[in-house]
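# Observations on chain architecture
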Amino acid sequence: MNKIALITGITGQDGAYLSELLIKKGYIVHGIKRRSSLLNTNRIDHLYKDPNQFDRNLVLHYGDMTDSINLTRIISKIQPDEIYNLAAQSHVKVSFDTPEYTANVNGLGTLRILESIRLLKLTNKTRIYQASTSELYGLAQETPQKETTPFYPRSPYAASKLYAYWITINYREAYNMFACNGILFNHESPFRGETFVTRKITQALSRIVLGIQNELYMGNLSSKRDWGHAKDYVQAMYLILQQDKPDDYVIATGIATTIRDFILKTFKKIGINLLFKGKGINETGMIIDLDEDIFITKVGELYLDIIRKKIGLDVIKINSTYFRPTEVELLLGDATKAYNKLLWKPHYTLDMLIDDMITKDLEETKRYIKTRHTKQY
Ligand code: NAP
Ligand code: F7E
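In this text the structure is predicted, and so the values were computed from the model without any measurement.

We now examine the packing of helix H2 (residues 68-78) against helix H4 (residues 99-119). Where H2 meets H4, the axes come as close as 9 Å, and the angle between the chain directions of the two elements is 50 degrees. Classified by the interaxial angle, the pair formed by H2 and H4 is oblique. H2 and H4 meet at a crossing whose hand is right-handed. Across from Ser-68, Leu-71, Thr-72 and Ile-75 in H2, the residues of H4 making contact are Arg-112, Ile-113, Ser-116, Ile-117 and Leu-119.

In total, this model carries 11 aromatic pairs according to the counting rule given. Judged by centre distance (6.3 Å) and plane angle (80 degrees), the ring pair of Tyr-27 and Tyr-238 falls under edge-to-face. Pair noted here: Tyr-27 is in the loop between helix H1 (13-24) and strand S2 (28-33) and Tyr-238 is in helix H7 (residues 230-240), with a separation of 211 residues, a long-range link. With relative accessibility at 4%, the residue Tyr-27 sits in the buried group. For the pair Tyr-233 and Trp-344, a centre-to-centre distance of 5.5 Å together with 85 degrees between the ring planes defines the contact as edge-to-face. In this pair, Tyr-233 sits in helix H7 while Trp-344 sits in the loop between helix H11 (336-342) and helix H12 (350-374), placing the two residues 111 residues apart along the sequence. Accessibility classification places Tyr-233 together with Trp-344 in one group, the buried group. Of the aromatic side chains, those joined through ring pairs into one cluster are Tyr-137, Phe-151, Tyr-165, Trp-166 and Phe-185. Of note, Arg-127 hangs over the ring of Phe-178, and the distance from its end group to the ring centre comes to 3.7 Å. Above the face of the Tyr-322 ring, Lys-200 is positioned so that its terminal group lies 3.4 Å from the ring centre.

It is worth spelling out the nonpolar core at this point. Counting residues in hydrophobic clusters, the biggest one holds 46 residues, and the most contacted among them are Leu-18, Leu-22, Tyr-84, Tyr-129 and Ile-251. The set of elements that each furnish at least two residues to this core consists of strand S1 (4-8), H1, strand S5 (127-133), helix H5 (156-175), strand S6 (179-184), H7, strand S11 (249-251) and H11. A total of seven residues in this core trace back to one element, the largest contributor, which is H7. Those residues within four positions of Tyr-84 in sequence are excluded, and the remaining contacts are Ala-5, Leu-6, Ile-7, Thr-8, Leu-18, Leu-22, Tyr-129, Met-237, Tyr-238, Leu-241 and Gln-242. Among the nonpolar cores identified, the runner-up in size contains 35 residues, and Leu-210, Ile-287, Leu-350 and Ile-354 belong to it.

Here we take up the site of ligand 1. Around ligand 1 sit 25 residues, and of these Thr-11, Arg-34, Ser-90, Tyr-157 and Lys-161 come closest. Separating an oxygen atom of ligand 1 from a backbone N or O atom of Leu-86 is a distance of 2.8 Å. Measuring from an oxygen atom of ligand 1, one finds a side-chain N or O atom of Tyr-157 at 2.6 Å. Contact with the protein chains covers 91% of the free accessible surface of ligand 1, which is 910 Å². Of all elements in the fold, only H1, H4, S5 and H5 reach the threshold of two or more residues within the shell around ligand 1. With three residues, S5 is the single largest residue contributor to the shell around ligand 1. For the shell around ligand 1, a count of residues per class yields 10 nonpolar, 10 polar and five charged.

Taken as a whole, this structure holds 20 salt bridges when the rule is applied. The salt bridge involving Lys-269 is made with Asp-351; its shortest N-O contact spans 3.2 Å. Here the residue Lys-269 occupies a position in helix H8 (residues 259-269), and Asp-351 occupies one in helix H12, the gap between them amounting to 82 residues. The buried category is assigned to Lys-269, whose relative accessible area is 18%. The partly exposed category is assigned to Asp-351, whose relative accessible area is 36%. If you follow the salt bridges from partner to partner, you end up with Lys-269, Lys-298, Asp-351 and Asp-355 in one network.

Definitions and limits used
- Residues numbered from 1 in each chain as written.
- Chains lettered and ligands numbered in written order.
- Predicted model: local features only at pLDDT ≥ 70, side-chain atom pairs only at ≥ 80, totals over all residues.
- Heavy atoms only, no water.
- Axes fitted to C-alpha atoms, helices over the stretch in contact; angles between N-to-C directions.
- Helix = DSSP H or I, 4+ residues; strand = E, 2+ residues; numbered from the N terminus.
- Parallel < 35°, antiparallel > 145°, perpendicular 65-115°, else oblique.
- Left-handed = near helix turned anticlockwise from the far one by under 90°.
- Contact = heavy atoms within 4.5 Å.
- Phe/Tyr/Trp six-rings, centres within 6.5 Å; stacked < 30°, edge-to-face > 60°.
- Buried < 20%, exposed > 50% of the residue type's maximum accessible area, 1.4 Å probe, protein only.
- Lys NZ or Arg CZ within 6 Å of the ring centre and 35° of its normal.
- Core = buried A, V, L, I, M, F, W, Y, C linked by side-chain atoms within 4.5 Å.
- Near = heavy atom within 4 Å.
- Polar contact = N/O pair within 3.5 Å; in protein donor to acceptor, adjacent residues only side chain to side chain.
- Areas by Shrake-Rupley, 256 points an atom, 1.4 Å probe, with all protein chains shown as cover.
- Nonpolar A, V, L, I, M, F, W, Y, C, P; charged D, E, K, R; others polar.
- Salt bridge = Lys/Arg side-chain N within 4 Å of Asp/Glu carboxyl O.

Below is the structure:
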């Protein structure tokens, strides 16, 4: 018998990688997708099969984390062995603009899933993974952060996830449910949403070197993040639900990098050297020189003239719109427990992650330019 998994947030970055992983492992994967005016299934289109086929291993259901009845109906119909609760309003900056909605989806949404399981008497059958986050550490009380580090949330997003974290533990203790928190540090990939900092940088880099963007406006360049690859992190989610006992785990690489250094590394990958000067809102990043051999190999000779003309120009600037009312300055994780108990270790280094993201963004931008010039309406 194939195991049955339900993934909320299946159309997101992690939902896509996790679906791929579980399907490879022989699962029938069900996903909850909210209604939108465009289809929005780009990240899972390669896994999707025509609903008229009988041997489907990926099934989508319309639903929403704010709709308890809908969630209960789907869970009742599917009777899942495992639920991965990944759906969330996941953008920290946006949570300051939509605090109530963020609390509803991320906090109460988690409660709705847990309560459905209880109501449907599936507590002995269904295991639950809750997508908890390093944002819980916020104003970090110790470094590196591990499972025992006290939390200090610094945004409506983090506060909503704090509720979700504790309600998951409460249902585990009160009703003996197999409910676990993965406290995942930042993880990125070519599938990362375009407004998160790493993807914003790799996408802007491709647009700048291919000649369709002049500058990249950024927020706080000094904060540090512990970045891994989403492909590695979904492996950890799966492992967390395969253990004998439910528990909570930090998942991280143990290396933190500033946003500024991420930008420097990213540009350097394709032969561009930047120099940062100035402070605060007046800080800028200028192209100071170019390794043409690397540029030709990574981007192509065709684009050399475009980048030559940008030497000596500021391509990175600051816009205070991207500052947050309260910032999380440093996140650095200690995943020793996961290394020891789950035997989980990341395969991707930061360099490999950046390579993967730049390669895909250059391909995508070149495709975009080509279709933009040839499309006829
Ligand atoms: P993501 O790309 O933003 O995906 C979020 C998913 O949730 C999308 O499928 C989104 O649907 C769905 N969603 C949002 N609101 C919903 C609602 N009201 N009802 C149903 N679905 C809804 O996030 P991610 O990076 O894959 O992260 C997955 C989870 O891990 C999130 O809970 C996030 O908070 C958490 N997390 C992420 C990281 C990280 O670094 N990536 C680290 C720690 C924890 P649409 O496609 O329609 O928007
Ligand atoms: O910001 C700084 C920003 O939006 C990282 C989510 O997946 O990971 C993510 O949350 C840092 C912050 O991710 C820009 O101020 C500077 O210090 O990529 P981010 P995040 O806030 O760490 C955690 C673990 C989650 O759980 C969340 O769901 O980068 N930064 N300039 C900027 N950030 C953005 N987005 N845009 C800028 O222009």
